[in-house]
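# Survey of secondary and tertiary structure
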Amino acid sequence: QVQFVESGGGLVQPGGSLRLACTASTRIFSIDITGWYRQAPGKQREVVAAVSNSGRTNYADSVKGRFTISRDNAKNTLYLQMNSLKPEDTGVYYCNAPPESPAFGSWGQGTQVTVSS
């Protein structure tokens, strides 16, 4: 089973930026689609962004124009650049393949993002 490890979270003021990073126990370029998910306090985990091997990206409406997902196959790393952060972006962020993907792995510890003044 693929293992994912997230990093880069922290406390940031509204309007600030963070860049999250995710590494995998397998070659990321071998995974067709990888994505970032978040779980806000008291809410279900939701997908916020995904990227395919072809470079196609998809974003949740709530983050369009503010977040950018990218993959660096040479570094075997998935990134999420988050700009213009809002308090409602607060949550634990995870990376994974989609549940229907053979590369779907167990959920890691995630990385905490807190947006607060």
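Refer to the structure presented above.
Analysis parameters
Residues numbered from 1 in each chain as written. Predicted model: local features only at pLDDT ≥ 70, side-chain atom pairs only at ≥ 80, totals over all residues. Heavy atoms only, no water. Pairing = 2+ DSSP bridges. Helix = DSSP H or I, 4+ residues; strand = E, 2+ residues; numbered from the N terminus. Axes fitted to C-alpha atoms, helices over the stretch in contact; angles between N-to-C directions. Disulfide = S-S within 2.5 Å. Buried < 20%, exposed > 50% of the residue type's maximum accessible area, 1.4 Å probe, protein only.

Now for the sheet that holds strand 9 (residues 91-96). Pairing in this open sheet of six strands is mixed, and the strands run 2-10-9-4-5-6 from one edge to the other. Of all the strands in the sheet, the pair left with one neighbour each is strand 2 (10-12) and strand 6 (57-59). Averaged over all adjacent pairs, the angle separating strand axes in this sheet is 20 degrees, with direction ignored. Pairing analysis gives five bridges linking strand 4 (residues 33-39) to strand 9, with the strands arranged antiparallel. Residue pairing across strands places Gly-35 opposite Asn-96, the latter belonging to strand 9.

Evaluated as defined, the whole model comprises one disulfide. Each sulfur of the disulfide joining Cys-22 and Cys-95 lies 1.8 Å from the other. Here the disulfide of Cys-22 and Cys-95 is right-handed, its torsion about the S-S bond being about 65 degrees. Remark: Cys-95 occurs in strand 9 and Cys-22 occurs in strand 3 (residues 18-24); sequence separation between them is 73 residues. We classify Cys-22 as buried; its relative accessible area is 1%. Since its relative accessible area comes to 1%, Cys-95 is described here as buried.

Look at Asn-76: it is not a glycine, yet its phi comes out positive at around 55 degrees. Along the polypeptide, Asn-76 turns up in the loop between strand 7 (67-72) and strand 8 (77-82). Located in the positive-phi region is Ser-84, a residue other than glycine, with phi close to 50 degrees. For Ser-84, the position within the fold is in the loop between strand 8 and strand 9.

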